[in-house]
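Structural characterization, general
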There are 2 protein chains.
Amino acid sequence: MAEFSIEAIDDVIHGRVRLGVMAYLVNAEVAGFNELKSALQVTQGNLSVHLRKLEEAGFVGIEKSFLGRKPHTQIRMTSAGREAFRAYLEALDRLIKSASR
Amino acid sequence: MAEFSIEAIDDVIHGRVRLGVMAYLVNAEVAGFNELKSALQVTQGNLSVHLRKLEEAGFVGIEKSFLGRKPHTQIRMTSAGREAFRAYLEALDRLIKSASR
């Protein structure tokens, strides 16, 4: 079972909140912090922690700016993130397909 | 985005080792402890912890017996486990599909 590998599944992406972020951004390209927070139904602190982990991996970029006086944070998927997400989905697919032979 | 829900993804199954166990068993129905350990490339302690969690959730049954004098542990997927795995895959699929619209 050469294809059966849990190691091939990137743990940085696999975490449920981070998977949600990546799945959201793969389509949206860019999302506001509050938009993500409400889509994922997580707390601000929880989302921040996971975004930092994705940022450290180079999978998302975080841009802070102001809209008038209000701080505004936008999260964007990087091309490395897009590539990693594609590889993640393939690894997941292989795991499940190789198991269901 | 009603379909976009990370909550729908069962955390008991989502953990990488447990996902590997479930993916393996959904096809094999039953597997020996050492067979699983080698397929997943995890340590005995690590596998034991995750099997206990799956057993507590009612997703696998663990049968201990002896082959001659050697202890032999077999792990079997329960019908509740099969149903939960099916629901898990559907939730994952929805998350990714609803995100990629």
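In this text the structure is predicted, and so the values were computed from the model without any measurement.

Here's the deal with the relation of the copies chain B and chain A
Structural alignment of chain B on chain A gives an RMSD of 0.0 Å, achieved by rotating through 180° and translating 0.0 Å along the axis. On this basis, the relationship between the two copies can be described by a two-fold rotation axis. A shared interface surface links the copies, since 100% of the contact residues of chain B are contact residues in chain A too.

Quick notes on the packing of helix α2 (residues 16-28) of chain A against helix α3 (residues 33-40) of chain A
Residues and elements named next belong to chain A. Two elements in contact, α2 and α3, have axes separated by 10 Å at closest approach and are oriented at 120°. Regarding the angle of α2 to α3, the classification is oblique. In the packing of α2 onto α3, the handedness of the crossing is right-handed. Taken together, the residues of α3 that come into contact with α2 (itself represented by Val17, Gly20, Val21 and Tyr24) are Leu36, Ala39 and Leu40. Taken together, the residues of the contact of α2 with α3 sort by class into six nonpolar, one polar and no charged.

Quick word on the sheet that holds strand β2 (residues 60-67) of chain B
Residue and element names in this part refer to chain B. Reading across from one edge, β1-β3-β2 is the order of the three strands in this open sheet, with antiparallel pairing throughout. Each edge of the sheet is formed by a strand with only one pairing partner; in this case those strands are β1 (30-32) and β2. Between one strand and the next, the sheet's axes are offset by a mean angle of 25°, whatever the strand orientation. Contacts from helix α2 (residues 16-28) reach β1, β2 and β3 (70-77), with the element oriented near 120° to β1.

Conventions adopted
Residues numbered from 1 in each chain as written. Chains lettered and ligands numbered in written order. Predicted model: local features only at pLDDT ≥ 70, side-chain atom pairs only at ≥ 80, totals over all residues. Least-squares fit on C-alpha atoms with pLDDT ≥ 70 in both. Contact = placed C-beta atoms within 7 Å. Axes fitted to C-alpha atoms, helices over the stretch in contact; angles between N-to-C directions. Helix = DSSP H or I, 4+ residues; strand = E, 2+ residues; numbered from the N terminus. Parallel < 35°, antiparallel > 145°, perpendicular 65-115°, else oblique. Left-handed = near helix turned anticlockwise from the far one by under 90°. Nonpolar A, V, L, I, M, F, W, Y, C, P; charged D, E, K, R; others polar. Pairing = 2+ DSSP bridges.

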